[in-house]
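Given next are the chains, with one letter for each unit.
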Amino acid sequence: MKLTFLFFGNTPDEKWQLCRQMGIDYAIAKLAPELTQMPSIDDYDSFEHSKNIFEKEGFNLYGLEGDQFDMNRIKLGLEGRERDIEKYCKMLENMNKLDVRLLCYNFMATGWYRTHKNLPERGGAIVSGFCYETAKKEPISKYGTFSENQIWDNYKWFIEQIMPVAESNGIKMALHPDDPPISPLHGISRILTSAKAIDKALSLSTSPSHGLTFCQGTFTTMNEDVLQMIQKHGKNKKIFFVHIRDVIGTPENFSETFHDNGPTNMFQMMKGYKEVGFDGPLRSDHVPAMAGEKNENVGYEMKGNLFGIGYIKGLIDACEYY
């Protein structure tokens with residue numbers, strides 16, 4: 001397995017050095033223009049510049065994660081989506097040219113979302129959480145309301161447009177489930193909220209490029225049988241990327257927690273990945289902010305990630321002996 005870290009942008013800082021000190025060789029990056037202050041990475045020179053920075057700092061830029069430019073027209077089926085798809089396909093072609101083989105993407109128009117960002121955890125650590133009753137009282141999106149059928153139609157269109165390009169360029173498209181797995185949110189329906197919905201999404205294309213970001217925490221939030229899902233999708237070679245975190249609660253009301261402080265048997269899950277032959281990238285996800293941190297970058301402060309990285313390294317090593 002390849003332990004990775006998610007970098008926001010292309011500017012080296014203390015996090016980059018800490019990752020190298022923790023023994024991380026592989027980088028996952030979000031290179032959106034607002035993070036890099038450069039053109040979006042459908043521009044080859046912009047993309048190459050960022051990749052060169054990672055290589056100079058000792059990282060193999062293994063994949064991309066998140067929206068690399070504004071995807072709302074695509075996700076909501078708005079005017080202009082054809083131009084955005086052209087950009088998207090150009091990005092996939094650039095990934096091939098630069099040997100960046102993984103794209104973790106989502107189809108959440110409102111992104112991953114939390115109603116609470118400063119909940120107390122063990123020892124005064126700070127975590128995020130979600131309460132659906134609170135979310136229902138918030139304004140609807142500026143885009144208005146969209147049904148599940150509309151979002152499914154938009155996702156099918158997206159898959160039809162990009163999957164042949166991804167396959168021809170050797171790119172693994174790793175679909176991330178909706179987080180929180182609840183619908184609707186701010187008036188916009190969310191479709192990837194259950195194991196059954198994930199199966200439906202995978203049925204839309206038989207391409208070997210069509211697979212999953214197996215976000216273990218989101219599937220835990222869904223109250224699904226996570227180990228059974230690992231076995232099923234792992235044996236089908238559809239797990240391209242793994243996010244490891246834990247949560248306490250239900251889809252309607254949950255909070256994040258430390259990797260070792262939730263309901264999940266993490267060692268059993270890690271053995272599950274090994275048993276199905278998963279040898280791809282994985283990373284620590286949505287960590288608590290610890291002493292001295294303010295959780296300004298919600299879920300992605302560094303001290304919690306250091307804990308998560310060390311914990312996951314221990315799980316991986318233990319799987320070699322048990």
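Residues numbered from 1 in each chain as written. Predicted model: local features only at pLDDT ≥ 70, side-chain atom pairs only at ≥ 80, totals over all residues. Heavy atoms only, no water.

Right, let's talk about the sheet that holds strand β11 (residues 253–257) for a bit. Across the sheet, which stays open at both edges, the four strands sit in the order β5-β6-β11-β10 with antiparallel pairing between neighbours. Strand pairing shows two members of the sheet lacking a second neighbour, β5 (116–120) and β10 (246–250), which therefore form its edges. Sheet twist, expressed as the average angle between the axes of neighbouring strands with direction ignored, equals 30°. (Pairing = 2+ DSSP bridges. Helix = DSSP H or I, 4+ residues; strand = E, 2+ residues; numbered from the N terminus. Axes fitted to C-alpha atoms, helices over the stretch in contact; angles between N-to-C directions.)

Another point: the layout of surface pockets. As a volume, the largest pocket reaches approximately 760 Å³. The wall of the largest pocket is formed by 31 residues, among which Phe8, Lys30, Gly111, Trp112 and Tyr300 lie closest to the centre. Listing elements by their share of the lining of the largest pocket, those giving two or more residues are β1 (2–8) and α2 (33–36). For the lining of the largest pocket, a count of residues per class yields 12 nonpolar, eight polar and 11 charged. (1 Å grid on protein atoms, 1.4 Å probe; cavity = no way out; pocket = protein on both sides within 12 Å on 5 of 7 lines; lining within 4 Å. Points joined across faces, edges and corners; volume = space filled by probe spheres on them. Nonpolar A, V, L, I, M, F, W, Y, C, P; charged D, E, K, R; others polar.)

For tyrosine 44, the location among the structural elements is in helix α3 (residues 44–56). On the accessibility criterion, tyrosine 44 (28% relative accessible area) is partly exposed. Spatially, the C-alpha atom of tyrosine 44 lies 8.9 Å from that of leucine 98, the residues being 54 residues apart in sequence. Residues contacting tyrosine 44, with those up to four places away along its chain left out, are Asn94, Lys97 and Leu98. (Buried < 20%, exposed > 50% of the residue type's maximum accessible area, 1.4 Å probe, protein only. Contact = heavy atoms within 4.5 Å.)

Take empty space enclosed by the protein next. Enumeration over the complete set of coordinates arrives at three cavities of 30 Å³ or more. A volume near 50 Å³ is recorded for the largest cavity. Every residue lining the largest cavity is listed: Lys75, Leu76, Phe107, Met108, Ala109, Thr110, Ile151, Ile188, Ser189 and Arg190. Its residues assigned to classes, the lining of the largest cavity comprises six nonpolar, two polar and two charged. Taken as a whole, the second largest cavity holds about 40 Å³ of empty space. Contributing elements (two or more residues each) for the lining of the second largest cavity: α5 (81–97) and β4 (102–105). By residue class, the composition of the lining of the second largest cavity is six nonpolar, two polar and one charged.

Within helix α8 (residues 195–202), the full set of buried residues consists of Ala195, Ala197, Ile198, Ala201 and Leu202. Projected down its long axis, α8 carries its buried residues within an arc of 160°, all on one side. Its buried side turned inward, α8 meets α7 (148–168), β7 (172–175), β8 (210–215), α9 (216–221) and α10 (226–235). (Arc of directions from axis to C-beta.)

A few words on the pairing of β4. Burial of β4 is two-sided: the residues Leu102 and Cys104 facing one way and the residues Leu103 and Tyr105 facing the other way are all buried. With three bridges connecting them, strand β3 (residues 60–65) and β4 associate as parallel partners. Note on β4: the bridge partner recorded for leucine 64 is leucine 103. Direction of pairing for β4 relative to β7: parallel, over a ladder of four bridges. Bridge assignment links cysteine 104 to a residue of β7, and that residue is alanine 174.

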